[in-house]
Amino acid sequence: MQNARIRPAPYTALVTNLIFPLHERVKQHRSVAVRKQLEESQYWPEERLRDLQLQRLRRLLARAGTSVPYFRDLFAQIGFDPARDVRSLDDLARLPLMDKSVIRANVDRLKADDAVGLARFNTGGSSGEPLIFYIGKERVSHDVAAKWRATRWWNVDIGDPEIVVWGSPIELGAQDRVRALRDLLLRTHLLPAFEMSAAKLDGFVARIRAHKPRMLFGYPSALSHIARHARARGQRMDDLGIRVAFVTSERLYDEQRTQISDTFGCPVANGYGGRDAGFIAHQCPEGGMHITAEDIVVEILDPDGKPVPRGQAGEIVVTHLATGDFPFIRYRTGDIGVLGTEQCNCGRGLPLLQEIQGRSTDFLVAQDGTVMHGLALVYILRDLPQVQAFKIVQESLDLTHVQVVLAAPLDAQAFGKLQGQIERGFKARLGAGVVVEVMQVAEIAPEKSGKFRYVVSKVATGSVVA
Ligand SMILES: [Zn+2]
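Residues numbered from 1 in each chain as written. Predicted model: local features only at pLDDT ≥ 70, side-chain atom pairs only at ≥ 80, totals over all residues. Heavy atoms only, no water.

As named in an unreviewed UniProt entry, the protein chain is Phenylacetate--CoA ligase family protein, taken from Pseudoduganella lutea.

This is how it looks when you write it as structure tokens:
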């Protein structure tokens, strides 16, 4: 069932079999052993995976109920006894949902009394509001293993040269010498995505060429940005032997997939998840978005919090089974998704996440209250050949800003015509009374997190089911 694997290069084999396992042992991580288990369990039938989930869920909830102050109090308050009340995965629904505000208000009470070596994380959060949370060693091991397994689906192993385009200045700040040495040994090369001036982009293109990575890893917006820049410079990038571009943390738009794949001459694999919720699903070469079911229970819920049948859209809520040190139990992602109803052709039993319809912040609200996907406006701009890049910011129900980077300079009359076209298209969707201000900019500045977002709505907050 597995792909015929290309024999790894000697250095990669050294890293995979010796250096990385040693690194993990020193850090007291179990990712090597976990990855080996995951390689087997990915082919289990779904019922067996559900049995594993249930066992691990019981263990997680038992630990939360005894060692984690927040859950100890919660369980006492609602009369929930993990030993007695967890007969099936459906019993999870007896517990309330957990969102970012719960974590913010209880960050210390969510740490297990007996947790050691918790690592602090801080996500920028697409809404701009940071979220601080902690990750224990068990979770690190499982998250590393899940990513490692998924890259192996694409014939990329730990130790293969990799370029990571990443944005968080906070994470980069934490980059100590040990980490730098590790990255050197593992041949991971980091490009900081939060500074993307033309000069920086020239440097990135040169570094990718020099590093000859097997894999690119990063935000789709950042990778497509680099791809576009390489093309504009007439710089070929499809001759480096890149096997896959793994994208994550943002919605992957079709035109980004095409741009990245055409420029780097490799397939694009989508990964869904984040530091907070975990690496929820990864795409296999057959195209299926496989849920990391051994570690993560995914529920799809309607706006009233009730589960929807498979094949129907709802909010993605996750329970990460390796988070005993700082539990994520029924954590709301704010994303909309659909559980697949069929099996993937690759033969893996891991269930599929069929559609991820984007973050709630990708949604816009028309003047009459209609909620629409940001794509409704993206399509208008995408079809204009004069526009090379853009960003839409819905400031309020009455005002939307559009920043455009032009493909070539336009005279005042031609730009006026373009403005008119954009305004008409936007008003047709947002309402005739909406003010649409179109501004020409030299480049689209990334968010603080380093992500480039096409659509930002300051109106559509909270979760929205389309
Ligand atoms: Zn598959």
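Novice: Residues and numbers for the overall build of the protein chain, please.
Specialist: The number of helices and strands found in the protein chain is 14 helices and 19 strands. Every one of the 466 residues in the protein chain was classed for burial, and the buried ones make up 54%. Look at the contacts in the protein chain between residues 6 or more apart in sequence, and 69% of them connect residues 24 or more apart. (Helix = DSSP H or I, 4+ residues; strand = E, 2+ residues; numbered from the N terminus. Buried < 20%, exposed > 50% of the residue type's maximum accessible area, 1.4 Å probe, protein only. Contact = heavy atoms within 4.5 Å.)

Novice: Could you give me a rundown of the coordination of the zinc ion, with the residues and numbers involved?
Specialist: Distances from the zinc ion to its protein donors, Cys-284 (SG), His-290 (NE2), Cys-344 (SG) and Cys-346 (SG), fall within 2.1 to 2.3 Å. Geometry at the zinc ion is tetrahedral, judged from the 4 donor atoms that bind it and their angles of 99 to 121° at the metal. Taken in sequence order, the residues that donate to the zinc ion follow the motif C-x5-H-x53-C-x1-C. You can see His-290 sitting in strand β9 (residues 289–291) and its partner Cys-344 sitting in the loop between β12 (331–339) and β13 (353–359), a full 54 residues away along the chain. The pair His-290 / Cys-344 is uniform in exposure class, with both members buried. (Donors = N, O, S within 2.8 Å, 3.2 Å for Na, K, Ca; no water. Tetrahedral: all angles 85-135°; square planar, octahedral: opposite > 155°, others 65-115°.)

Novice: Outline unusual backbone geometry, supporting the account with residue identities and numerical values.
Specialist: One non-glycine residue, Lys-212, adopts positive backbone phi at about 45°. Assignment of secondary structure puts Lys-212 in the loop between α10 (198–211) and β5 (215–218). Classification of Lys-212 as partly exposed rests on a relative accessible area of 47%. In this structure, Arg-330 is a non-glycine residue whose phi angle is positive, near 55°. Along the chain, Arg-330 turns up in the loop between β11 (313–320) and β12.

Novice: Please provide a residue-by-residue account of the pairing of strand β3 (residues 162–166), values included.
Specialist: Within β3, 5 of the 5 residues are buried, which leaves it mostly tucked inside the rest of the structure. Residue alternation in β3 divides its side chains into two sets, Glu-162, Val-164 and Trp-166 and Ile-163 and Val-165, and both sets are buried. Sheet analysis places β3 next to strand β4 (residues 188–192), joined by 5 bridges and oriented parallel. Counted as the bridge partner of Val-164 is Leu-190 from β4. (Pairing = 2+ DSSP bridges.)

Novice: Can you tell me about the packing of helix α2 (residues 31–41) against helix α7 (residues 137–152), naming the residues and giving the values?
Specialist: It is the contact of α2 with α7, at a shortest axis distance of 8 Å, that shows an interaxial angle of 50°. When the interaxial angle is binned, α2 and α7 end up oblique. Taken as a pair, α2 and α7 cross one another with a handedness that is right-handed. Residues Ser-31, Val-32, Val-34, Arg-35, Leu-38, Glu-39 and Ser-41 of α2 touch α7, and the partners they reach there are Ser-141, His-142, Val-144, Ala-145, Ala-146, Trp-148, Arg-149 and Arg-152. The class makeup of the residues in the contact of α2 with α7 is 7 nonpolar, 4 polar and 4 charged. (Axes fitted to C-alpha atoms, helices over the stretch in contact; angles between N-to-C directions. Parallel < 35°, antiparallel > 145°, perpendicular 65-115°, else oblique. Left-handed = near helix turned anticlockwise from the far one by under 90°. Nonpolar A, V, L, I, M, F, W, Y, C, P; charged D, E, K, R; others polar.)

Novice: Go over the pattern of salt bridges with me, naming the residues and quoting the values.
Specialist: This model, assessed by the stated rule, comprises 24 salt bridges. Notably, a salt bridge pairs Glu-39 with Arg-152, separated by 2.6 Å at the nearest N-O pair. Of this pair, Glu-39 sits in helix α2 while Arg-152 sits in helix α7, placing them 113 residues apart in sequence. Arg-152 shares its class with Glu-39; the two are buried. Its salt-bridge partner being Arg-330, residue Glu-299 comes within 2.9 Å of it at the nearest N-O pair. With Glu-299 in strand β10 (residues 296–301) and Arg-330 in the loop between β11 and β12, this residue pair connects regions lying 31 residues apart in the sequence. The pair formed by Glu-299 and Arg-330 is uniform in burial state, with each residue classed as buried. Residues joined by salt bridges that share partners form a network here, namely Arg-35, Glu-39, Arg-152 and Asp-157. (Salt bridge = Lys/Arg side-chain N within 4 Å of Asp/Glu carboxyl O.)

Novice: Any details on the packing of aromatic side chains? Residues and values, ideally.
Specialist: Inspection of the entire model under this criterion finds 9 aromatic pairs. With 5.6 Å between their ring centres and 85° between their planes, Phe-133 and Phe-328 make a pair best called edge-to-face. One end of the pair, Phe-133, is in strand β2 (residues 131–135); the other, Phe-328, is in the loop between β11 and β12, and 195 residues separate them in sequence. One exposure class covers both Phe-133 and Phe-328, and it is buried. Centroid distance Phe-217 to Phe-246: 6.4 Å. Interplanar angle 40°. Geometry classified as tilted. Taken together, the residues span a long stretch of sequence, with Phe-217 in strand β5 and Phe-246 in strand β6 (residues 244–247) at a distance of 29 residues. A connected cluster of aromatic rings, assembled from ring pairs, spans Phe-121, Phe-133, Tyr-134, Phe-326, Phe-328 and Tyr-331. (Phe/Tyr/Trp six-rings, centres within 6.5 Å; stacked < 30°, edge-to-face > 60°.)

Novice: Summarise the sheet that holds strand β8 (residues 278–283); cite the residues concerned and give the values.
Specialist: A sheet is described by the order of its strands in space; here 7 strands give the open sequence β4-β3-β5-β6-β7-β8-β9, paired in mixed fashion. Here the strands that pair on one side only, and so sit at the sheet edges, are β4 and β9. Sheet twist, expressed as the mean angle between neighbouring strand axes with direction ignored, is 20°. Against the sheet, α10 contacts β3, β4 and β5, and its axis sits at roughly 175° relative to β4.

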